[in-house]
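So the chains spell out like this:
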Amino acid sequence: MVASTSLDVVPDDPTAYKTQEYWEERYQKEDANTTFDWFKTYAELKPFINEAIPDKQAKVLILGCGNSTLGEDMYADGYKNITNIDYSKTVIENMKLRCSDKPEMTWLEMDIRDLKFDNESFDAVIDKGTMDALMCDRGDVWDPSEELIKDVKGEVDEVERVLKGNGIFLYQNYG
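Residues numbered from 1 in each chain as written. Predicted model: local features only at pLDDT ≥ 70, side-chain atom pairs only at ≥ 80, totals over all residues. Heavy atoms only, no water.

1. A closer look at the sheet that holds strand β5 (residues 106-109)
For step 1, the next point in the chain: Strand order in the open sheet formed by five strands is β5-β4-β3-β6-β7, with parallel pairing between adjacent strands. Across the chains shown, the open sheet's two edge strands, defined by having one partner strand only, are β5 and β7 (163-172). Strand-to-strand twist of the sheet, defined as the mean angle between neighbouring strand axes without regard to direction, takes the value 20°.
For step 2, the next point in the chain: Inspection of the sheet shows strand β3 (residues 60-63) paired to strand β6 (residues 122-128) by four bridges, in the parallel sense. Counted as the bridge partner of L63 is D127 from β6.
For step 3, the next point in the chain: The strands that helix α7 (residues 146-162) touches are β3, β6 and β7; relative to β7, the one it contacts most, it runs at about 140°. (Pairing = 2+ DSSP bridges. Helix = DSSP H or I, 4+ residues; strand = E, 2+ residues; numbered from the N terminus. Axes fitted to C-alpha atoms, helices over the stretch in contact; angles between N-to-C directions. Contact = heavy atoms within 4.5 Å.)

Okay, here's the thing in structure tokens:
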């Protein structure tokens, strides 16, 4: 696998992070085996994830999976029932190939604001930097645009809908 650095992927305009076009173009330019983990690796998050999701049979949804090794590392740690979504078709196809030896994992092209799952489908949902990408906006951070509020609310509402009643939402962000 080829790990990229943050310097390799920073767009000229940070609002690009919230566009599907940016991600599709980025993943089309990268080698299919490139990996990039925002903020923390699974090794660093493992104690928190293991505490929050003690049942390794839990049904887990990873939002905006990108080419992170999070799902693969969780799989190696015993979590097998993992669904990974991203709205880049290219990265989903690359990850399906890269993880073809992990048959219990699912890879789907999907928008986090419009999840195509039944209500109460998951025991846990993980967002590791995906909402941060949605929140890249111009203007006053203390007075966000209506579009930004709608996008963030869309993700949170969908997560709440697909989580089981006793489910957990793990959200890691930059701030």
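2. Section: the layout of surface pockets
Here the idea is plain: a probe the size of a water molecule rolls over the atoms and shows the empty space left.
For step 1, the next point in the chain: Considered as a void within the structure, the largest pocket measures approximately 420 Å³ in volume.
For step 2, the next point in the chain: In this structure, the largest pocket is lined by 27 residues; those nearest its centre are Y17, W23, G129, T130 and A133.
For step 3, the next point in the chain: Elements with a minimum of two residues in the lining of the largest pocket: α2 (20-29), β4 (82-86) and α6 (130-134).
For step 4, the next point in the chain: The element best represented in the lining of the largest pocket is α6, accounting for four residues.
For step 5, the next point in the chain: The residue inventory of the lining of the largest pocket, partitioned by class, reads 14 nonpolar, six polar and seven charged. (1 Å grid on protein atoms, 1.4 Å probe; cavity = no way out; pocket = protein on both sides within 12 Å on 5 of 7 lines; lining within 4 Å. Points joined across faces, edges and corners; volume = space filled by probe spheres on them. Nonpolar A, V, L, I, M, F, W, Y, C, P; charged D, E, K, R; others polar.)

3. Notes on helix α5 (residues 89-98)
For step 1, the next point in the chain: What α5 keeps buried is the set T90, V91, I92, N94, M95 and R98.
For step 2, the next point in the chain: Buried residues belonging to α5 abut α2, β2 (34-35), α4 (70-76), β4 and β5. (Buried < 20%, exposed > 50% of the residue type's maximum accessible area, 1.4 Å probe, protein only.)

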